[in-house]
Amino acid sequence: MEGKIAELSLERTSQIIAHVMALHKYDQNFPGAALARMSDFLGNPDVMARPEKHQELIDEMKMEAILSTENSPYSEVRAVVDPTDDPDMPSLTIRVWVIGCVFSAAGSFIDSFFLMRNPPVYIGANVAQLLSCE
């Protein structure tokens, strides 16, 4: 992590933080203290003019920039979710096949059953995906 912080330029950090700030400005789940520090970083022209004076803030913003681009910006998600996939974990399991077949059959039945109704009722694939999540 320290190596990535050293490689990240101040201009690139500023771009990333501006993008993160725009995305999470009204996000109630994003930490308010982090947003306040980001607005301090972006709103203070002295940071870009004299970076040696604001090294602690710059290091903190570089850390936020790296975490936002290479991991989740939410600390709760970072605590429980690994940022890389496990290639040894199987994706085609019995659970996937059973849930997929059940929801495909139910969706087809409902679409066929209500086809003669005017206007017809249909269930899209996104409904089956949402219902199969849990």
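**Student:** Give a detailed account of the overall build of the chain, specifying residues and quantitative values.
**Tutor:** When helices and strands are counted, the chain shows 8 helices and 0 strands. When the elements of the chain are put in sequence order from the N terminus, they spell out α-α-α-α-α-α-α-α. A globule of 134 residues ought to have a C-alpha radius of gyration of about 14 Å, yet the chain, at 23 Å, is considerably larger. Structurally, the chain occupies a C-alpha span of about 70 × 40 × 20 Å along its principal axes. Sorting the 134 residues of the chain into buried and exposed places 23% on the buried side. The contacts in the chain between residues at least 6 apart in sequence include a share of 56% that link residues at least 24 apart. Surface summary for the chain: the accessible area is close to 10000 Å², and the carbon and sulfur share equals 60%. Where the 10 positive side-chain charges of the chain centre and where its 19 negative ones centre are 7 Å apart.

**Student:** Go over helix 5 (residues 55-70), please, and point to the residues and values.
**Tutor:** For helix 5, built from 16 residues, the straight-helix expectation of 22 Å at 1.5 Å per residue is met to within 8% by its first-to-last C-alpha distance of 22 Å. Where helix 5 is buried, its residues contact helix 1 (2-7), helix 2 (10-24), helix 3 (32-43), helix 4 (45-49) and helix 6 (75-80).

**Student:** Report on the environment of Ser72, specifying residues and quantitative values.
**Tutor:** If you trace the backbone, Ser72 turns up in the loop between helix 5 and helix 6. Apart from residues no more than four positions distant in its own chain, Ser72 is found in contact with Leu67, Val77 and Arg78. At 3.2 Å, the side chain of Ser72 and the backbone nitrogen of Tyr74 are in polar contact.

**Student:** Go over a nonpolar patch on the surface with me, naming the residues and quoting the values.
**Tutor:** On the surface, Phe109, Phe113, Phe114 and Val121 cluster together into a nonpolar patch covering about 400 Å² of accessible area. Along the chain, the position of Phe114 falls in the loop between helix 7 (94-113) and helix 8 (125-132). In this structure Phe114 comes out as partly exposed when scored by relative accessible area, which is 31%.

**Student:** Account for a negative patch on the surface, naming residues and giving values.
**Tutor:** Among the surface-exposed residues, Asp82, Asp85, Asp86 and Asp88 lie close enough to one another that they form a single negatively charged patch. Here Asp85 shows up in the loop between helix 6 and helix 7.

**Student:** Account for the confidence of the model for the chain, with residues named and values stated.
**Tutor:** Averaged over every residue, the pLDDT of the chain is 86; residues scoring 70 or more account for 99%. Taken element by element, the predicted model of the chain shows its lowest mean pLDDT in helix 1 (79) and its highest in helix 2 (91).

**Student:** I'd like to hear about the packing of helix 3 against helix 5, residue by residue, with values.
**Tutor:** For any two helices packed against each other, one specifies the inter-axial angle together with the distance between the axes. Two numbers describe how helix 3 lies on helix 5: the axes approach to 10 Å, and their chain directions differ by 120 degrees. With respect to helix 5, the axis of helix 3 lies oblique. Crossing hand, helix 3 versus helix 5: left-handed. Between helix 3 and helix 5, the residues in contact are Ala34, Arg37, Met38, Asp40 and Phe41 and Leu57, Ile58, Glu60, Met61 and Glu64, respectively. Across the contact of helix 3 with helix 5, the residue classes break down as 6 nonpolar, no polar and 4 charged.

About the thresholds
Residues numbered from 1 in each chain as written. Predicted model: local features only at pLDDT ≥ 70, side-chain atom pairs only at ≥ 80, totals over all residues. Heavy atoms only, no water. Helix = DSSP H or I, 4+ residues; strand = E, 2+ residues; numbered from the N terminus. Rg over C-alpha atoms; globule rule 2.2 N^0.38 Å. Buried < 20%, exposed > 50% of the residue type's maximum accessible area, 1.4 Å probe, protein only. Contact = heavy atoms within 4.5 Å. Areas by Shrake-Rupley, 256 points an atom, 1.4 Å probe, with all protein chains shown as cover. Lys, Arg positive; Asp, Glu negative; His and termini not counted. Charge placed at Lys NZ, Arg CZ, Asp CG, Glu CD. Expected span 1.5 Å × (residues − 1). Polar contact = N/O pair within 3.5 Å; in protein donor to acceptor, adjacent residues only side chain to side chain. Patch = residues over 30% accessible without salt bridge, like charges linked within 9 Å, V, L, I, M, F, W, Y side chains within 5 Å. Salt bridge = Lys/Arg side-chain N within 4 Å of Asp/Glu carboxyl O. pLDDT = per-residue confidence, 0-100. Axes fitted to C-alpha atoms, helices over the stretch in contact; angles between N-to-C directions. Parallel < 35°, antiparallel > 145°, perpendicular 65-115°, else oblique. Left-handed = near helix turned anticlockwise from the far one by under 90°. Nonpolar A, V, L, I, M, F, W, Y, C, P; charged D, E, K, R; others polar.

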